[in-house]
Amino acid sequence: MTLLAIRDLRVEYTTVRGTVAAIPELSLEIGAGEAFGLVGESGCGKSTLIMAIMGYLGRNGAVARGQILFEGRDLVTTDSETLRRLRGGRIAIVYQEPATALNPSMTIGRQLMEVPRAHGVRAPAEARERAARALADVHLPDPESVMRRYPHQLSGGQKQRVVIAMALLANPALLLLDEPTTGLDVTVEAVVLDLLNELRQKYGTALFYISHNLGVIAQVCERIGVMYAGRLVEEAPAAALFARPRHPYTRGLLASLPRPGADKRSAPLVPIPGVVPGAGGAPESCGFVTRCAHARPGICDLRPVPMLAAAPGHGVRCARWAELPAPPPVAAPSLTNRPVLGDGTVVMAAHDLSRVFPMGKRQLVANDRLEMEAQRGHVLALVGESGSGKTTFAKVLAGLDVASGGSLRVLDADVARRPVRRRGAAEVAAVQMVFQNPDGTLNPSHPVGWPLARSLRKFGIARGRRDIEARVAGLLEMVRLPPSVRHALPRQLSGGQKQRIAIARAFAGNPQLLIADEPVSALDVSVQAAVINLLLRIQAEHQTTLVFISHDLGLVRYIADEVVVMYLGQVMESGPVAALFDPPYHPYTEALLSAVPVPDPTIRSARIRLAGEIPSPLNVPKGCRFATRCPRKLGPMCDETPPPRRAAGPGHRIHCHIPLDDLRMVEPVFRGAS
Amino acid sequence: MSGLLVSAAESAGRPRPGLLRRLPRSGVAMVGLALVLFWVVLALLAPVLPLADPNAQDYLAMAHPGSSAKHWLGVDPLGRDMLSRLIWGGRTVLAVAPTAVLAAYAAGIAMGLLAGYYRGWVDVAISRISDVILSFPVVVLYVILIANIGPSALNIVVAVVLASAPGIARIVRGLTLSLIHQEFVAAAYLRRETDLFVMLIEVLPNCRAPLITDFCLRLGYTTITIGTLGFLGLGLPPPAPDWGGMVKQATSMITVFPHMALYPAIAIVTLILGFNLLADGLTELSQAD
Amino acid sequence: MTRYILRRTLEMLVTLLVASFLVFVVTEFSPGNVARKTLGAFALQEQVDLLYKKLHLNDPLLVRYVRWVGVLTGIEADPLQDPALGLGFKDPRRARYFGNFGYSTLYKAPVNDVLWDRLGNTALLAGLAFAVIVPLSLVLGVLAGMRAGSVLDRALSTLAIVMTSIPEYALGVLLVAVFVVALGVLPGTSPLDPNAGWSIAAQLVLPVSVLALYDAGYVARIVRASMAEVMARPFVRTAVLKGLPRRQVIVNHALRNALIAPFTVILLQINWLIGGVVVTELVFAYPGFGRMLLDASLFGDVALIEAATLVALFVATATQLLSDVGYRVLDPQARR
């Protein structure tokens, strides 16, 4: 039975520059109890669609045409009182940022109780009881105490559970989910996704899940739509979509992602050229035509393409879908014989390195006795949840912070206690950094060529205007940007382009060691691959050592030579990438791997889940740091005694009380993957 | 990988011109600008316009001080031409107010940058001094200052700097505190830039938008202040034409000749309104993105 | 919370101490002035020199400041009231007592006899103005900010800008021109004298309006900005999309959060009002604190200037303290 039917919907926004169609034309249907996923990159109109369903487009937005039929009633034309009763009653929504979705000055209890009170429950006592039950439903311990608290007294994961509880309170028929796990740690994300699956089974609620993350969608949804520039370009059952993607854009998205088993040398990522268009920025014909490798003039750029049936239940909006060559099968080489660059010189070595921030009487332990090293030309990946101390280490390494103890040898000098101000020009040039946030990485007031020229001058690499200009052009060429771009201001560039400038800037001083702190996590999927490819190519050419910080284990597995797994300021496990992704695992590594949402519904990871969230670094557990959340905890020993460091293979170390032989018995997380 | 090469046309998103260049998009700002420019043009042209001497007394006109062919807006209680005094008075305000505000900005920006950048004891010292000054009711501060150091254009500038710099410092400090955590500042350290460079070249240019708005608002306040001081008898020493002083001089005769007080009051209001509308339009523009 | 209040109170006292020293520096920087101003313009130079010596005015500034604090706290007698000087300055209270602000040379009376009545009159004026400002600005601001960008918003915002663009003295002139000169329905002066031909209430209408309108425009703009900002916040969307009626969204969710920021601003208006009363009292010949301060400043009545400024500072810093504490009560995030 059809629950929601969207027919020929057109949503427009009025701006100073005229009317923009955020959604030019869109139709889709969702059945009762079905889980439908909608994938798309930023600006493709996903959120607009959700807000159109909710009738909340703001002052300048409006449905220009079409119907949104919910249980047979058109939401576009319905009166405001009916709409009010549907909102939060029959249709509920879970938001992207739980922190801002809750009222900061009202207790959780009151915010929850408002829902039943707005939907027919008169007695406060009953509303209260329902609120408590909803909190218990989302597995929040001690609902009574949570109800008395304010949002800022809860963690991010807890807030998202509260928002889910609020959405489910009136037992809606349709739950809209707007990137509900974006911004949460992978381990928390995995638990929230489990919770959604569980609640859906329990209440039979239909899900309309929108996300940019194909992995998350693959884990939750039965049917998937792919959205590009405000249009649905492909629609299919989940298994069919991942097994036989038909639309070039869908294929492009999948090829941009490192799939399990893929390797940076044998199966490079294939990026989609160009940038994601803004609302109304795509042509009225096939919207993807400007970025499509298969586009043919005269066929693709004339008129909008209707949804064509490629198979039963599998629609594709591509005029040439039948002629497209089948995508090459993904090779699955073993990680063990991946060729490794370099001559074995150790470029960076941390020994007993600590960073402790005194906070009054207490101490914040950000890095605790770190041990790691990186060789010339290698990629060393640091992984762990937020709060594990990865960024603190990166800052100490770059000289933006100083260690409080231990040594950190870079090339031949100990820089642990020397910030950039106390390092020589050559030492500073040798260690450079690419930052996470493309919007913060370039000064908005200066043209993008300016920091490049400035670096060249400060490091004494180029002198004189001519020389500098030539070198700036060379750097831009290296990151595949035209020389004219140097006069542009940062706001004129896309996120991917800004990250390229940041890479060029880091390479201006010919660094020996490059730190990349989540360099692509803020970018659209289709441009991530291009930036990763670029970074790896330059790194290989220059034999630079790359310290790559990421929470994305799929990506880490793809690019790293060695991996260090960190938790609460300490190293849990370290070793070559091949060793890390197979047993024996540290239980934390195992949990991280289990949490990875794999963009392939046929791969179900063996699941272990972490309870709770990372403890405060002000109050670290006495024994093993991970003991409070470890699903394989042995007993009081884990709480009392720091774990031994065990050698599990060449260069592979695990810090755990569990005997290695027991860890070897653990089932691999990805069955049949590598 | 040639597909990665992005053409410049494709790469450059829609360029967004700077705040001041987008000014024509705001109707409010344009009305404000028109009001301000009206007075600026009159003030600039004052020496060449066929105006009476603003200090010359026309005893004959005092019998009938209202509008006449000779004195379009009439004369003041001392028989001086109102129109001429209004225009010359505008010249005074438009010279003193921007000078005072600019000087206050120089001091406030320096204080705010230092406090926000170095934090620690520098911040504590600057913030405490600011707190003490800001705890004075503004007019009280002006009154005791000017009454003791004497009324003159220079002393008005000194008083405005003293009273306004802490507020400007507070804004700049707040902006600096958030900007120095931006990654482009870390990138500047990674090429060994000095503290001064980071403050002036990396941080300060990004304070532009909020400061431009604040500047317009402060011009409005300062115009009010100068008028108020004139009205309290602490403005420019006579006989210099001074709008606030003109209102004050005429209040005793307001029941008989209301125009003498009304015209300068209207002049002040239009100029202040101009500055305020300009500030409001700028705020609206900077929030529109 | 108690510790916070104690800490802030201590900070306030330090601020008062430093500020009073600054005032002392400004008013008594040139000691010759002090003696001259005390005796008046017609005194002979020998008299001035004699007083100068007797008052130990050649002592360093800091020493003289400590002496002034000594008089204020009742540790020392006011040297000006020493009968040996023959000035005839006499305080019926005693020679030394806590809170002795000295002797006003302008009014020829102890400061304590001059100050408090006028302060009472001003408190009446400012209190009434405040009672108008708060509801007026809240209504204007909330109505405008509720639907940012609407016609109502534009109309009210423009009104508020116009209100803040008319300084008190100009507004005074405009209102007098209309209500006194043209219509003749209100008095142009407010001496608070019941025999002046108009009732006290009628005498208060114009001064209160002048004070209130100017500030209300300013506060209304702050409230409007805060309300518009809150209405655009995601939690308001949450409230709408969970099916709450619009009234409930505005009252329970938007208002509470939107009023946190203006609360501070509204209390700080008391600081502005103190300034405003100086001008307003001058316009309407109102026998209040502001006009007294102005007269004292113009005359050079050192003791009265210092006392009045200290009182103004006390009111200003006390409201600052009150607003900081109130902010922590209102905002659960600041309470921690």
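Predicted model only: the values in this text are computed from it and were never measured. (Residues numbered from 1 in each chain as written. Chains lettered and ligands numbered in written order. Predicted model: local features only at pLDDT ≥ 70, side-chain atom pairs only at ≥ 80, totals over all residues. Heavy atoms only, no water.)

A closer look at the pairing of strand β2 (residues 18-31) of chain A
Residues and elements named next belong to chain A. The pairing of strand β1 (residues 2-15) with β2 spans 10 bridges and is antiparallel. When the sheet's bridge partners are listed, alanine 5 is paired in β2 with glutamate 29. Where β1 folds back on β2, the antiparallel hairpin that results is connected by two residues. (Pairing = 2+ DSSP bridges. Helix = DSSP H or I, 4+ residues; strand = E, 2+ residues; numbered from the N terminus.)

Considering the environment of valine 75 of chain B
Residue and element names in this part refer to chain B. If you trace the backbone, valine 75 turns up in the loop between α2 (27-45) and α3 (82-118). With 18 residues separating them in the primary sequence, valine 75 and glutamine 57 have C-alpha atoms 8.8 Å apart. In this view, valine 75 contacts Ala61, Met62, Pro65, Arg80, Asp81, Met82, His259 and Met260; residues no more than four positions away in its chain are not counted. (Contact = heavy atoms within 4.5 Å.)

Side note on the confidence of the model for chain B
Predicted coordinates in areas of low pLDDT are best not read in detail. All names here are of chain B. With 93% of its residues at a pLDDT of 70 or more, chain B shows a mean pLDDT of 86. For residues 1-15, every residue scores under 50 in pLDDT, and the model assigns this stretch 25 contacts once sequence neighbours within four places are set aside. Reported confidence for the predicted complex is 0.88 by ipTM and 0.88 by pTM. (pLDDT = per-residue confidence, 0-100.)

A closer look at the interface of chain A and chain C
The accessible area lost on association of the parts is a frequent measure of interface size. Each partner contributes residues to the interface: chain A has 25 residues there, and chain C has 24 residues. Scanning the region where chain A abuts chain C turns up one salt bridge. We note a salt bridge from glutamate 114 of chain A to lysine 242 of chain C, for which the minimum N-O separation is 3.1 Å. On inspection of chain A and its partner chain C, the count reaches 13 residue pairs in polar contact (both at pLDDT 80 or more). For the side of chain A that touches chain C, the secondary structure elements donating two or more residues are α1 (46-54), α3 (98-101) and α4 (108-118) of chain A. Counting residues per element, the side of chain A that touches chain C draws most heavily on α4 of chain A, which supplies five residues. (Salt bridge = Lys/Arg side-chain N within 4 Å of Asp/Glu carboxyl O. Polar contact = N/O pair within 3.5 Å; in protein donor to acceptor, adjacent residues only side chain to side chain.)

Some thoughts on the pattern of salt bridges
Across all of its chains, the model carries 52 salt bridges over all chains by this definition. Of the charged contacts in the structure, one is a salt bridge between aspartate 439 of chain A and lysine 498 of chain A, with a shortest N-O distance of 2.8 Å. Pair noted here: aspartate 439 of chain A is in the loop between β18 (431-434) and α14 (449-458) and lysine 498 of chain A is in helix α16 (residues 495-507), with a separation of 59 residues, a long-range link. Here lysine 498 of chain A falls in the buried class, since its relative accessible area comes to 9%. Measuring nitrogen to oxygen at the nearest pair gives 3.8 Å for the salt bridge that ties lysine 458 of chain A to glutamate 193 of chain B. A residue pair is termed interchain when its members come from two chains, as with lysine 458 of chain A in helix α14 and glutamate 193 of chain B in the loop between α7 (183-189) and α8 (195-203). By relative accessible area, which is 1% here, glutamate 193 of chain B ends up buried. Linked by salt bridges that have partners in common, Arg128, Asp131 and Arg170 of chain B together with Arg7, Arg8, Glu11 and Asp324 of chain C make up one network. (Buried < 20%, exposed > 50% of the residue type's maximum accessible area, 1.4 Å probe, protein only.)

Points about the interface of chain C and chain B
Each partner contributes residues to the interface: chain C has 44 residues there, and chain B has 40 residues. Taking both partners together, chain C and chain B bury about 3,600 Å²; carbon and sulfur atoms supply 77% of that area. Counting the surface chain C buries against chain B, the share from its top three residues, Ser165, Tyr169 and Val173 of chain C, is 17%. Taken together, chain C and chain B are joined by three salt bridges. The salt bridge involving arginine 154 of chain C is made with glutamate 284 of chain B; its shortest N-O contact spans 3.4 Å. The tally of links between chain C and chain B comes to three residue pairs in polar contact (both at pLDDT 80 or more). (Buried area = accessible area lost by both parts, 1.4 Å probe.)

Notes on the sheet that holds β2 of chain A
Residues and elements named next belong to chain A. With respect to topology, four strands assemble into an open sheet ordered β2-β1-β4-β5, the strand pairing being antiparallel. On the outer flanks of this sheet lie β2 and β5 (73-74), each paired with one strand and no other. Contacting β1, β2 and β4 (61-70), α1 crosses the sheet at an angle of about 110 degrees to β1. (Axes fitted to C-alpha atoms, helices over the stretch in contact; angles between N-to-C directions.)

What to know about the domain arrangement of chain A
Residues and elements named next belong to chain A. Splitting chain A by domain gives domain 1 (1-32 + 40-87 + 222-259 + 268-331), domain 2 (106-211) and domain 3 (590-671). Distance between the C-alpha centres of domain 2 and domain 3: 29 Å. At the interface, 11 residues of domain 2 touch eight residues of domain 3. At the boundary of domain 2 and domain 3, one finds one salt bridge. Arginine 609 is the salt-bridge partner of aspartate 194, the closest N and O atoms lying 2.5 Å from each other. For the pair domain 2 and domain 3, the interface holds one residue pair in polar contact (both at pLDDT 80 or more). (Domains from an automatic or database assignment.)

Digging into the packing of aromatic side chains
A complete count under the given rule lists 19 aromatic pairs over all chains for this structure. Between phenylalanine 36 of chain A and phenylalanine 208 of chain A the ring centres are 5.8 Å apart and the planes differ by 50 degrees, which places this aromatic pair in the tilted class. With phenylalanine 36 of chain A in strand β3 (residues 35-39) and phenylalanine 208 of chain A in strand β8 (residues 206-211), the pair connects residues that are 172 residues apart, well separated along the chain. Under the relative-accessibility criterion, phenylalanine 208 of chain A is labelled buried at 0%. Each member of the aromatic cluster is reached from another via a ring pair, and the members are Phe21, Phe24, Tyr65 and Trp68 of chain C. Over the ring of phenylalanine 357 of chain A we find arginine 355 of chain A, and its NZ or CZ is 4.0 Å from the ring centre. When the ring centre of tyrosine 4 of chain C is taken as origin, the NZ or CZ atom of arginine 328 of chain C, which lies over that ring, is 3.8 Å away. (Phe/Tyr/Trp six-rings, centres within 6.5 Å; stacked < 30°, edge-to-face > 60°. Lys NZ or Arg CZ within 6 Å of the ring centre and 35° of its normal.)

Focus: the sheet that holds strand β12 (residues 314-316) of chain A
What holds strands together in a sheet is hydrogen bonding between their backbones, with the strands either parallel or antiparallel. Residue and element names in this part refer to chain A. Pairing within the open sheet is mixed, and its eight strands lie in the order β6-β7-β8-β3-β9-β10-β12-β11. On the outer flanks of this sheet lie β6 (91-94) and β11 (308-311), each paired with one strand and no other. The average undirected angle you get between the axes of adjacent strands in this sheet is 25 degrees. Sheet topology note: the strand β7 (residues 174-178)/β8 ladder contains five bridges and is parallel. By the bridge assignment, leucine 175 is partnered in β8 with leucine 207.

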